[in-house]
Amino acid sequence: MVRWNISLFGSGGQGIIRGGQILGEAAVLEEGKDAVLTIAYGPEQVGGWSRADVVMSDEPIDFPLITKPDILIVMSQEGLDRSWKEYREPKKLLIYDSELVNVSRVKEIKMVGIPATKIAEQLGIRIVANIVMLGAFSEITGIVKRESLLKVIGRKFPKALELNERAFMEGVRHAKESMTI
Amino acid sequence: MPKEILAKKHPDDDLIRVDRMPHIWCPGCGIGIVMKCYIKAIKESGIPPERHVVVSGIGCSSRLPGYVNIDSYHTTHGRAIPFAIGMNIVKPELEITVIAGDGDLITIGGNHFIHAIRRNHDINVVLINNFIYGMTGGQHGATTPIGSKTSSAPYGTIDNPFNIPLLAASLGAPFVARWTTFHVRQLTDAMLKAMKVNGLAFIEVLSPCPTQYGKDNSFPTGLDMMRYFKKMCVINHEADLRTVDIDLKSGKPIIIGNFIHKEKPSYNDMERKLIEGIMKEMKSHG
Amino acid sequence: MTERLLPPGKYFIQGNIACAEAALIAGCRFFAGYPITPSSEILEWMSYRLPQVGGYFIQMEDEIASIMAVLGASNAGIKSMTATSGPGFSLMQEGIGFGMMTETPCVVVNVQRGGPSTGIPTLVGQGDVMQAKWGSHGDYEAIVYVPNSVQEMFDLTIKAFNASEEYRQPVILLADQVVSHMYGPLVIPPYEEIKIVNRKLPCVPPSIPDFKPFDARYEVPPMALAGMGYRVHVTGLTHDERGYPHYTHEVSTWCVQHLVSKVRNNAKKIWEVERFMLEGADIVVITYGITSRPSYQAVKMARSEGIKAGMLRLITLWPFPDEIVKKVSEQAKVLVVPEINMGQMIHPVKEVAECIVVGLSWAPGAVPTPDIILDMIRSVSR
């Protein structure tokens, strides 16, 4: 049984939960996997920390929660610091927003930095940074296929489809570059 | 022999659960009079009895529905109004009247009372105010006049009672009235008006409780309080409701009347409009 | 009016939303509630969806009003529901008792959070399992379903409605914060494959003399609704078949026996369990709700270590499947009862068990991990 524990961590407003929903939905509806999303956030109504834990597996998932992620996607410094403080550092891979997160404390973990927020700003709108990250995630790990994620994105954002597809593909492109270096 | 002068059938028998007689009320109690008025109002309302529903809470007054031969719901203490609201929302064609006591509707149930008036549900609320908790043995409540002796205030009450018509009016009730068990015709008439009101119609009925309130507060029999009502009541439909608080000791007149009677959209109207809008929107979006 | 219901198919959806959509498919057309974490999504979703399907939603002033409005609507013949969490569930208890006494169908969803009192509003708990059975005063037999997945939030909501209609009483869906907030797969089968039960209505005309709304000839009497013309009297007082209050031991005996026996006589039909790796199991984890999820994994891990472990999951906590637990205990050496409370369901388990019973009490705020349950299995296996 292959089980992946994927944690997305950032701030309210960065689309962390939405990113988790897209991952889970792509796994369940497009790839026939089992997936569970659990969410957690700070007590602040606006601007607090926000975490989406996605467990996915080819077989039915027993325990739906994540004690330690295999892959951590962080989009804010607090996301990284909190993960380490709570002993939730990733076992296999860290993907981080290279413009927003200082990773000097991270040791002996494979890391890929993606300037997701900067890319999104260049596309004209910050809120697609989460989609950039999903593109990068798909390219780096292959756990959820590019087409699967794009299908879900198409369903979720029919009115801003082109923008989101571009954001996703920018993430793919940056991931390719950073992996060849 | 008494048998010879007893009628075989009372004209209201079809609306009374005769098989439940005798009732539990004490000699001199006013609740039976309210029941008679309600039955008369049902008959004169033009609405068939099958469409009338009476809902109550707990207490002497709340036993009234159990004796009326229509769909009758005797719910929990203080919660008649929300029960009636649920029924009214899903079956607005029912003519629902909540009849319960002061302790039930305005003391333990005060929160539901104010919110029901605020939202203006299309129900009638008849509050029988006998100034006391009768069934539990004469403890004071939120309507007991200050200075009254009660079984839980042997030295006299020190807390102010509600001015209920003022409270109801302040919340925007489209119909607010106060009558007493002495004013039988006016009370029946107010109930009939209430049944026609679109929204929450509120009637306070002052009623004697010689057993639990009167005995320690200078109204030893039901008749004593009825005489007091006769002597002290002043009908003033236009009364300034800030002045209608009740004091049974100082010789202050008791102001009664149909204080407020106005048009106002009910909760049901607002909901119907909302749903129509949603349906329209959905149709236009396929 | 199925066109506005969630169509059959596969979804990735939140537990609370699955519950709300299931209620609509079950025929629920009235919801009254009061916001409380972690159940508010059900209230919010119903406020959005009910008007679309011809139903009614109202946000009441508190949970007491909510349960009473639900009972009022149900007595007018509309399937009704409310949803709440710990503190609100406590406030609803008197109304639930009134629903039991007056035999009024409805569904009460309690999304458990950490307690007691305000506790941990945003985190998980299982501390209401006894309250769900004994919460209101006096004798009645609760029917309580406990989901452990998004799919079961859907399936068991429909079953809860069906049981409430069949047995004419409030039925409780006892969820928890994790299952309610979790997103997961949901498969909605074709509607014709979903069993929907509707309450029986009287088959005699209202004009018959001496109509008895609580006719003792029936195990569950047909329900005469407000406005049908039967002129019912419905009271929370101990009452006879006619619905009239009585103060005699004789009537009380009939009344409470009727209330409990309609469930007790059908307990085997109502109760549901899941058996997991029970073949030859010496150590059986008795579990329910979210705690079953780490338990599956712990049992598998124990088996891989050579420990003969198994699991029995209670899908209905009440009626308690005593015969099944007893039977399992006869073949086992130890029963382990992990729960996110300080030891509640362990008591009915102990009452029937023929072997040693060990509790794993876990404070609210987190779900025990598979390792913790595995450690317990290991320690009792020695």
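So, how was this worked out
Residues numbered from 1 in each chain as written. Chains lettered and ligands numbered in written order. Predicted model: local features only at pLDDT ≥ 70, side-chain atom pairs only at ≥ 80, totals over all residues. Helix = DSSP H or I, 4+ residues; strand = E, 2+ residues; numbered from the N terminus. Rg over C-alpha atoms; globule rule 2.2 N^0.38 Å. Buried ≥ 20, exposed ≤ 12 C-beta atoms within 10 Å, placed from the backbone. Pairing = 2+ DSSP bridges. Axes fitted to C-alpha atoms, helices over the stretch in contact; angles between N-to-C directions. Contact = placed C-beta atoms within 7 Å. Domains from an automatic or database assignment. Nonpolar A, V, L, I, M, F, W, Y, C, P; charged D, E, K, R; others polar. Expected span 1.5 Å × (residues − 1). Right-handed = clockwise from strand over helix to strand, strands pointing away. Parallel < 35°, antiparallel > 145°, perpendicular 65-115°, else oblique. Left-handed = near helix turned anticlockwise from the far one by under 90°. Core = buried A, V, L, I, M, F, W, Y, C linked by C-beta atoms within 7 Å.

1. Topic: the overall build of chain B
A tally of regular secondary structure across chain B gives nine helices and eight strands. Taking 2.2 N^0.38 as the reference for a compact globule, 286 residues should give roughly 19 Å; the C-alpha atoms of chain B span a radius of gyration of 19 Å, in line with that estimate. In terms of overall dimensions, chain B has C-alpha extents of about 70 × 50 × 35 Å along its principal axes. Relative to its full complement of 286 residues, chain B shows a buried share of 52%.

2. Remarks on unusual backbone geometry
In this structure, Pro38 of chain C follows Thr37 of chain C across a cis peptide bond, with omega equal to 5 degrees. Topologically, Pro38 of chain C is positioned in the loop between strand E2 (30–33) and helix H2 (40–49). A cis geometry characterises the amide bond from Gly115 of chain C onward to Pro116 of chain C, with omega recorded as 0 degrees. The residue Tyr87 of chain A is not glycine, and still its phi comes out positive at about 55 degrees. Tyr87 of chain A gets classed as exposed once you count the C-beta atoms within 10 Å, which come to 8. A positive phi is found at Glu103 of chain C, a non-glycine position, where the angle reads about 55 degrees. Along the chain, Glu103 of chain C falls in the loop between helix H4 (86–101) and strand E5 (106–114). Classification of Glu103 of chain C as buried rests on a count of 21 C-beta atoms within 10 Å.

3. Regarding the sheet that holds strand E15 (residues 334–339) of chain C
All names here are of chain C. Strand order in this open sheet of five strands is E11-E13-E12-E15-E16, and the pairing throughout is mixed. Unpaired on one side and paired on the other, strand E11 (273–276) and strand E16 (356–361) mark the two borders of the sheet. Strand-to-strand twist in this sheet, taken as the mean axis angle between neighbours without regard to direction, amounts to 20 degrees. Where E11 lies against strand E13 (residues 309–314), four bridges are found, and the strand directions are antiparallel. By the bridge assignment, Val273 is partnered in E13 with Leu314. Against the sheet, helix H13 (residues 370–381) engages strand E12 (283–287), E13, E15 and E16, with an angle of about 155 degrees to E15.

4. Description of the domain arrangement of chain C
Residues and elements named next belong to chain C. Each assigned domain of chain C is listed here: domain 1 (9–193) and domain 2 (274–381). With 24 residues of domain 1 at the contact, the number on the domain 2 side is 21 residues. Broken down by element, the side of domain 1 that touches domain 2 gets its largest block of residues, four residues, from helix H5 (residues 129–134). Residue classes in the side of domain 1 that touches domain 2 are distributed as 14 nonpolar, seven polar and three charged.

5. A short note on helix H8 (residues 249–264) of chain C
Residue and element names in this part refer to chain C. Over its 16 residues, H8 runs 21 Å from end to end, which matches the ideal 22 Å to within 8%, given 1.5 Å per residue. Of all the residues in H8, the buried ones are Cys255, Leu259 and Val263. Looking at the buried positions of H8, the neighbouring elements they touch are H4, helix H6 (150–167) and helix H9 (267–270).

6. Quick notes on the interface of chain C and chain B
The interface is formed by 35 residues belonging to chain C together with 31 residues belonging to chain B. A total of nine residues in the side of chain C that touches chain B trace back to one element, the largest contributor, which is helix H3 (residues 63–75) of chain C. Partitioning the side of chain C that touches chain B into residue classes produces 22 nonpolar, nine polar and four charged. Strand direction decides the pairing type here: strand E2 (residues 71–74) of chain B and strand E10 (residues 233–235) of chain C, joined by three bridges, are parallel. Note on E10 of chain C: the bridge partner recorded for Tyr73 of chain B is Val234 of chain C.

7. Details of the interface of chain C and chain A
Contact with chain C, which involves 15 residues of that partner, is made by 16 residues of chain A. Only strand E1 (9–14), helix H7 (177–181), strand E9 (183–188) and helix H10 (292–304) of chain C provide two or more residues apiece to the side of chain C that touches chain A. If one sorts the elements of the side of chain C that touches chain A by residue count, H10 of chain C sits on top with four residues.

8. Quick word on the pairing of E12 of chain C
Residues and elements named next belong to chain C. The buried fraction of E12 is high, at five of five residues. Alternating residues of E12 divide into Ile283, Val285 and Thr287 and Val284 and Ile286, and every residue in both groups is buried. Bridge count for E12 against E13 is five bridges, and the pairing is parallel. Residue pairing for E13: Val285 is matched across the bridge by Met311. Read from E12 through H10 to E13, the crossover connection turns out right-handed. With three bridges joining them, E12 and E15 adopt parallel strand pairing. Directly across from Ile283, in E15, lies its bridge partner Val334.

9. A few points about the pairing of strand E5 (residues 93–97) of chain A
The two faces of the sheet receive side chains in turn, since in a regular strand these alternate between them. Residues and elements named next belong to chain A. Burial analysis of E5 places four of its five residues in the buried class, which makes it a mostly covered element. With four bridges connecting them, strand E4 (residues 71–74) and E5 associate as parallel partners. Each residue of the ladder has a partner; that of Ile73, found in E5, is Ile95. Considered for its hand, the β-α-β crossover made up of E4, helix H2 (residues 77–85) and E5 is right-handed.

10. What to know about the sheet that holds strand E4 (residues 124–129) of chain B
Ordered in space as E7(B)-E8(B)-E5(B)-E6(B)-E4(B)-E3(B)-E1(B)-E2(B)-E10(C), the nine strands form an open sheet in which the pairing is mixed. The sheet is open, and its two borders are formed by strand E7 (233–235) of chain B together with E10 of chain C, each paired with just one other strand. Pairwise comparison of adjacent strand axes, ignoring direction, gives a mean angle of 20 degrees for this sheet. As defined by bridge partners, strand E5 (residues 175–180) of chain B adjoins strand E8 (residues 254–261) of chain B across four bridges and the pair is classed as antiparallel. For Val176 of chain B, the partnering residue across the bridge sits in E8 of chain B and is Ile260 of chain B. Helix-sheet contacts for helix H2 (residues 31–44) of chain B involve strand E1 (52–56), strand E3 (95–101), E4 and strand E6 (201–206) of chain B, and the interaxial angle to E4 of chain B is about 160 degrees. Here helix H7 (residues 184–196) of chain B sits on the sheet in contact with E3, E4, E5, E6 and E8 of chain B, set at roughly 160 degrees to E5 of chain B.

11. Considering the packing of H2 of chain B against H7 of chain B
Residues and elements named next belong to chain B. Interaxial distance between H2 and H7 falls to 9 Å at its minimum, and their mutual angle equals 50 degrees. The orientation of H2 with respect to H7, classified from their angle, is oblique. Judged by the sense of rotation from one axis to the other, the crossing of H2 with H7 is right-handed. Listed contacts from H7 to Ile33, Cys37, Tyr38, Lys40, Ala41 and Glu44 of H2 are Val184, Leu187, Thr188, Met191, Leu192 and Met195. The residue makeup of the contact of H2 with H7, split by class, is nine nonpolar, one polar and two charged.

12. Points about the nonpolar core
Inside soluble globular proteins, nonpolar side chains tend to come together where they are buried. In terms of nonpolar packing, the biggest core is built from 261 residues, with Val132 and Met133 of chain A together with Leu317 of chain C touching the most fellow members. Here Met133 of chain A is in contact with Gly19, Ile73, Met75, Ile95, Ile114, Ala116 and Gly171 of chain A, once residues within four sequence places are set aside.

13. Regarding the environment of Ala173 of chain B
Residue and element names in this part refer to chain B. One can find Ala173 in the loop between helix H6 (164–170) and E5. Given 25 C-beta atoms within 10 Å, Ala173 falls into the buried group. Through-space distance from the C-alpha of Ala173 to that of Lys264 is 8.6 Å; in sequence the pair is 91 residues apart. Dropping the residues within four chain positions of it, Ala173 is found in contact with Ile117, Ala168, Leu200, Phe202 and Ile260.

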